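Structure at a glance
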Amino acid sequence: MDQPNKSANQPKIQIDHLYFSFGDTLKENLIIEDFSLDVYDQEFLSVVGPSGCGKSTLLNIIAGLLPATRGRVLLDGAEPEGPGPDRTMVFQDDAVFPWYTVRQNVEYGPRAAGMPRAEVEATATRYLQMVGLYDDRDKYPRQLSGGMRKRVDIARAMAMQPQVLLMDEPFAALDVMTKERLQEEFMTLWNAARTTVVFVTHDLEEALYLSERVVVMSRNPGRVERVMDVPLEQPRHVDVKTSAVFQEMRRELAEVLHTMHGGLEAR
Ligand SMILES: Nc1ncnc2c1ncn2[C@@H]1O[C@H](COP(=O)(O)OP(=O)(O)O)[C@@H](O)[C@H]1O
Ligand SMILES: [Mg+2]
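The model shown is predicted, which means the values in this text are computed figures rather than measured ones.

1. Some words on the packing of helix α2 (residues 102–112) against helix α4 (residues 146–159)
Contact geometry of α2 with α4 gives a least axis separation of 7 Å together with a crossing angle of 25 degrees. The angle between α2 and α4 places the two elements in the roughly parallel class. For the crossing formed where α2 meets α4, the hand is right-handed. For the pair α2 and α4, the contacting residues are Val-102, Asn-105, Val-106, Gly-109 and Pro-110 in the first and Val-152, Ala-155, Arg-156 and Ala-159 in the second. Classifying every residue of the contact of α2 with α4 gives six nonpolar, two polar and one charged.

Printed below as a string of structure tokens:
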């Protein structure tokens, strides 16, 4: 698989001196302060940070669901107007329609976006095969396990063929075994599709295993505390998690978080 040449890539997303406040003034209830970061085209970037530091808020601003209070977020050098199919979200709780079959769920977005019928079907088939659910295409969500529903959700988001995939702790609600399997599958999927991903998680191993860079956010207000490169070749085998390099990076990340605020939630 070709590795992207980062220096030749324009940033896909430019977060430029972003501030965000839920209050009436910038100072009141300031959640994100002076946050600047470029996300490269085809990059897999993770954001970790303590609970309440503004990770979901940041994703919502990138998605266009919340307005920046000050500063800008650019997509391919331009400021998008509100949300669009070029940026799709995957949340912790899957966003599948219970009254639609697996296939109908995956077809919904492309169909709504006006894609021709034959192309909708071909796209859905491709992503259902990629997540290993083609044989289950006529089932309803209630007939599926949590892990399978999450696969439907990922296929749903990817079938939109977004420029950017925004994922907010997508695997956090899954049991450990299912979570590890999905991480591995998603790693394969990402290496095939190379969509730009911004992935929020509080699981440091997950962040390191999947990403090319990990951003640590501080809390009160949310700022870029540290950006760490993950110089491990893609695609990665799950065994990489036990390597000395990996464990050292994990230790370093944990230390940054611990020094900041006394560690992460649930860790
Ligand atoms: N609608 C809202 N109004 C006011 N404050 C909010 C709202 N939503 C979230 N917050 C606050 O913003 C901060 C960041 O929240 P969030 O982005 O969800 O953090 P994270 O995803 O990192 O846990 C938290 O302190 C939260 O309480
Ligand atoms: Mg959150």
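So, next bit.
2. Section: the site of ligand 1
Around ligand 1 lies a shell formed by Phe-22, Ile-31, Gly-49, Ser-51, Gly-52, Cys-53, Gly-54, Lys-55, Ser-56 and Thr-57. In terms of residue count, the dominant contributor to the shell around ligand 1 is helix α1 (residues 55–63) (three residues). Its residues assigned to classes, the shell around ligand 1 shows three nonpolar, six polar and one charged.

3. Points about the pairing of strand β6 (residues 164–168)
Among the five residues in β6, five count as buried, and that is most of the element. Alternating positions in β6 separate into two faces, Val-164, Leu-166 and Asp-168 on one and Leu-165 and Met-167 on the other, with burial throughout. In terms of strand pairing, strand β5 (residues 87–90) meets β6 through four bridges, oriented parallel. Residue pairing in the sheet places Arg-87 in a bridge with Val-164 of β6. As judged from the five bridges shared by β6 and strand β7 (residues 196–200), these two strands associate in the parallel manner.

4. Details of the nonpolar core
In terms of nonpolar packing, the biggest core is built from 66 residues, with Ile-62, Ala-155, Leu-166 and Val-198 touching the most fellow members. Top element by residues in this core is α4. It accounts for seven residues. Once residues lying within four places of it in the same chain are set aside, the contact partners of Leu-166 are Leu-59, Ile-62, Ala-63, Arg-87, Thr-88, Met-89 and Val-198.

5. Digging into α2
For an α-helix, the turn length of 3.6 residues means that residues three or four places apart are oriented alike. Among the residues making up α2, those that are buried are Val-102, Arg-103, Asn-105, Val-106, Glu-107, Gly-109 and Pro-110. Turning to α2, the residues buried within the fold contact α3 (117–130) and α4. Of the residues trailing α2, Gly-114 is marked for its positive phi of about 90 degrees.

Cut-offs and rules
Residues numbered from 1 in each chain as written. Chains lettered and ligands numbered in written order. Predicted model: local features only at pLDDT ≥ 70, side-chain atom pairs only at ≥ 80, totals over all residues. Axes fitted to C-alpha atoms, helices over the stretch in contact; angles between N-to-C directions. Helix = DSSP H or I, 4+ residues; strand = E, 2+ residues; numbered from the N terminus. Parallel < 35°, antiparallel > 145°, perpendicular 65-115°, else oblique. Left-handed = near helix turned anticlockwise from the far one by under 90°. Contact = placed C-beta atoms within 7 Å. Nonpolar A, V, L, I, M, F, W, Y, C, P; charged D, E, K, R; others polar. Near = placed C-beta within 6 Å. Buried ≥ 20, exposed ≤ 12 C-beta atoms within 10 Å, placed from the backbone. Pairing = 2+ DSSP bridges. Core = buried A, V, L, I, M, F, W, Y, C linked by C-beta atoms within 7 Å.

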